[in-house]
Amino acid sequence: MKNSKTPGILIIDFGSQYSRLIARRVRELDTYCEITGTEFKEENNDSLDIKGIILSGGPSSVYDNDSPKIPSWIMEYGVPVLGICYGMQAMIQGLGGEVQKSTKREYGTAKISLKKNHPIFKGIDYESEVWMSHSDKVQKLSKGFESIAESENTSNAVVAKGNNFIGMQFHPEVTHTKEGSKFLKNFIVEICKCSRAWTPDKFVEKAIAEVKDKVGNDKVICALSGGVDSSVVAMLINKAIEGNLTCIFVDNGLLRKNEPERIRAIFEKKLGDNFSFIDASSEFVESLKGVKDPEEKRKIIGGKFIEVFEKAADSIGADFLAQGTLYSDVVESKSSDMKSSDRIKSHHNVGGLPEKMKLKLVEPLRFMFKDEARMAGTEMGLEKDLINRQPFPGPGLAIRIIGEVTKKKLEILKNVDWIVINEVKNNGYYEKLWQTFAVLTNSRTVGVMGDKRTYSYVVALRFVESIDAMTASVPEIPWEILKKISTRIVNEVHEVNRVVYDITSKPPGTIEWE
Ligand code: XMP
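These figures come from a predicted structure and were not determined experimentally.

(A) Region of the structure containing the sheet that holds strand S19 (residues 496-501). A sheet is described by the order of its strands in space; here 3 strands give the open sequence S17-S18-S19, paired in mixed fashion. If you trace the sheet from one side to the other, it starts and ends with strand S17 (435-449) and S19, each paired once. Strand-to-strand twist in this sheet, taken as the mean axis angle between neighbours without regard to direction, amounts to 25°. Where helix H14 (residues 407-426) meets the sheet, its contacts fall on S17, strand S18 (452-464) and S19, and the angle it forms with S17 comes to roughly 115°.

This is the structure:
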């Protein structure tokens, strides 16, 4: 079955830091969208039925020599176009209007006032607070355009040529623009007449159709970790091809207490014979003997995983490897500023496997954001606590044990982690925070318990708030909760006599300690 195109909005990215946010906002309005650069070619588009186009903002001035231009096909395509900030300026200039060059930047909130009724203002107050971030502004309108709203700084805060071309000097995608979502909704629904039909059943349907289309009767293997992404991937592929899927779960001995058993119980039920459980815990722990260096640990764990997975996969003879690549990863890998994003830690996922095993990739989450992947999981009946799990690193507890990893230390950290997670859940913080975990430091300190001197480990609690793990802040957890966690740890885990709370944000710290 050939996958059909999904109606939605095409976003042309002119390099704004907010481009991804526009996509998020459009998707929140139950509307499918894709982000692309000016190089977009309709003949390569087999997934989006374009109902409207949004031109993003960007750091350039239309007067820069190398400023990105609006491709001519956009002006002639015949669907409504919304230009935001630079997108508006480039559109007006491209259509024969004039943009005033300025070195002075207008940055922050501003008030706009409506001058002339237009569907883009439906349900929006006559005066509205918006977020501006620009230098140049539109001076003279192109033929057929009129000014719809003004601000103190410009008489052309919103301009339009009927419903065909609309321009906004401000950013509707940022939350500081009070009615931002309404502006976008008006563009999508009132102007583009795009029905808001991008709902979880549709994500699932689209993903299944794509998998069927790509894989046909070939065999797929999937490394199932029990995290949200790989669980949703496994369920989607299972629905698409059933008999030709094998999901391999490797117990590396570095997982949380009871975790392997729990995942096994869930997925044996859901995937039946397509689920394969490999207990490699002793092998992994053995391979870490004497290793103290964090990068070395990661390399060993990554290498071991490939070795174990490859052995299991060899007997199956698969053609495809399933990966949980999300839309945010796809957009990021296309974006030019990736060049500067240095790797701080070598993250081990299933990188390296496809080339090594000569496998093709199938990535059913390629067009979903993380929250959409979660919704797809719920739609397919995955348990709530599996869907709402906090991220857990591939190298597992090994990078939360400072220094050498031993069986004994793993047992200590598993017991500590159990208490932390239980208390965090009981107090309603599990889903509010990005990650809440404990680190077993390599330090021992003197303490006193009963009348006895103790000399035991220090445990650090690491709780962070984050949106994408790129940056993180430390929440001010109520003292009572921290005290309860600390008391329980030192009372119940005898090898620990001191608990500290890590208050370092990222940057300069990273989330994990190793
Ligand atoms: P850092 O410590 O770099 O972590 O601030 C950022 C996020 O990534 C997770 N993390 C990993 N995830 N494999 C993974 O799958 C890894 O090797 C790995 N290292 C860190 C970490 O838990 C946090 O959410």
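(B) Seen up close, the packing of helix H5 (residues 200-215) against helix H6 (residues 228-241). Their axes nearest at 9 Å, the elements H5 and H6 cross at an angle of 60°. Here H5 lies oblique to H6, going by the angle between them. Here H5 and H6 pass one another in a crossing that is right-handed. The segment H5 lies against H6, with Val204, Ala207, Ile208, Val211, Lys212 and Val215 engaging Leu236, Ile237, Lys239, Ala240 and Ile241. The residue inventory of the contact of H5 with H6, partitioned by class, reads 9 nonpolar, no polar and 2 charged.

(C) Here's a closer look at the nonpolar core. Counting residues in hydrophobic clusters, the biggest one holds 65 residues, and the most contacted among them are Ile53, Leu55, Val220, Leu236, Ile237, Phe267 and Met368. If one sorts the elements of this core by residue count, H6 sits on top with 9 residues. Counting contributing residues per domain, this core is built from domain 1 (6-191) and domain 2 (200-387), each supplying no fewer than three. Those residues in contact with Val220, other than ones at most four positions away along the chain, are Val215, Ile237, Ile241, Asn244, Leu245, Thr246, Ala318, Phe320, Ala322 and Val362.

(D) Structural detail: helix H7 (residues 259-271). Here H7 contains 13 residues, and its C-alpha end-to-end distance of 18 Å stays within 8% of the 18 Å for a straight helix at 1.5 Å per residue. For H7, the complete set of buried residues consists of Glu259, Pro260, Ile263, Ile266, Phe267 and Leu271. Angularly, the buried residues of H7 cover 135° about the axis, an arc narrow enough to put them on a single face. Exposed and facing more than 90 degrees away from the buried side of H7 are Glu261 and Lys269. For H7, the secondary structure elements touched by its buried residues are H6, strand S13 (245-251), strand S14 (275-279) and helix H13 (384-387). The first or second residue beyond H7 is Gly272, which carries a positive phi of 55°.

(E) Molecular detail of the pattern of salt bridges. One pass over the full model with this rule turns up 33 salt bridges. In this structure, the salt-bridge partner of Lys178 is Glu129, at a minimum N-O distance of 3.1 Å. Residue Lys178 is located in the loop between strand S11 (165-168) and helix H4 (180-191), and its partner Glu129 is located in strand S7 (residues 127-134); the two are separated by 49 residues in the primary sequence. Taking the relative accessible area as the measure of exposure, Glu129 reaches 31% and is therefore partly exposed. One salt bridge in this structure joins Arg262 and Glu259, with 3.5 Å as the shortest N-O distance.

(F) Structural view of the domain arrangement of the chain. Under the domain assignment used here, the chain contains domain 1 (6-191), domain 2 (200-387) and domain 3 (406-501). Once you take the C-alpha centre of each, domain 1 and domain 2 turn out to be 38 Å apart. Domain 1 puts 10 residues into the contact, and the matching count from domain 2 is 11 residues. Between domain 1 and domain 2, the buried area comes to about 910 Å², and carbon and sulfur atoms account for 47% of it. Ranking the residues of domain 1 by area buried against domain 2 places Arg20, Arg24 and Arg27 at the top, with a combined share of 58%.

(G) Expanded view of the side chain of Ser147. Mapped onto the secondary structure, Ser147 falls in strand S9 (residues 146-151). A distance of 2.8 Å separates the side chain of Ser147 from the side chain of Lys115, its partner in a polar contact. In terms of polar contacts, Ser147 uses its side chain to reach the backbone carbonyl oxygen of Ser155, at 2.7 Å.

Quick notes on the rules
- Residues numbered from 1 in each chain as written.
- Predicted model: local features only at pLDDT ≥ 70, side-chain atom pairs only at ≥ 80, totals over all residues.
- Heavy atoms only, no water.
- Pairing = 2+ DSSP bridges.
- Helix = DSSP H or I, 4+ residues; strand = E, 2+ residues; numbered from the N terminus.
- Axes fitted to C-alpha atoms, helices over the stretch in contact; angles between N-to-C directions.
- Contact = heavy atoms within 4.5 Å.
- Parallel < 35°, antiparallel > 145°, perpendicular 65-115°, else oblique.
- Left-handed = near helix turned anticlockwise from the far one by under 90°.
- Nonpolar A, V, L, I, M, F, W, Y, C, P; charged D, E, K, R; others polar.
- Core = buried A, V, L, I, M, F, W, Y, C linked by side-chain atoms within 4.5 Å.
- Buried < 20%, exposed > 50% of the residue type's maximum accessible area, 1.4 Å probe, protein only.
- Domains from an automatic or database assignment.
- Expected span 1.5 Å × (residues − 1).
- Arc of directions from axis to C-beta.
- Salt bridge = Lys/Arg side-chain N within 4 Å of Asp/Glu carboxyl O.
- Buried area = accessible area lost by both parts, 1.4 Å probe.
- Polar contact = N/O pair within 3.5 Å; in protein donor to acceptor, adjacent residues only side chain to side chain.

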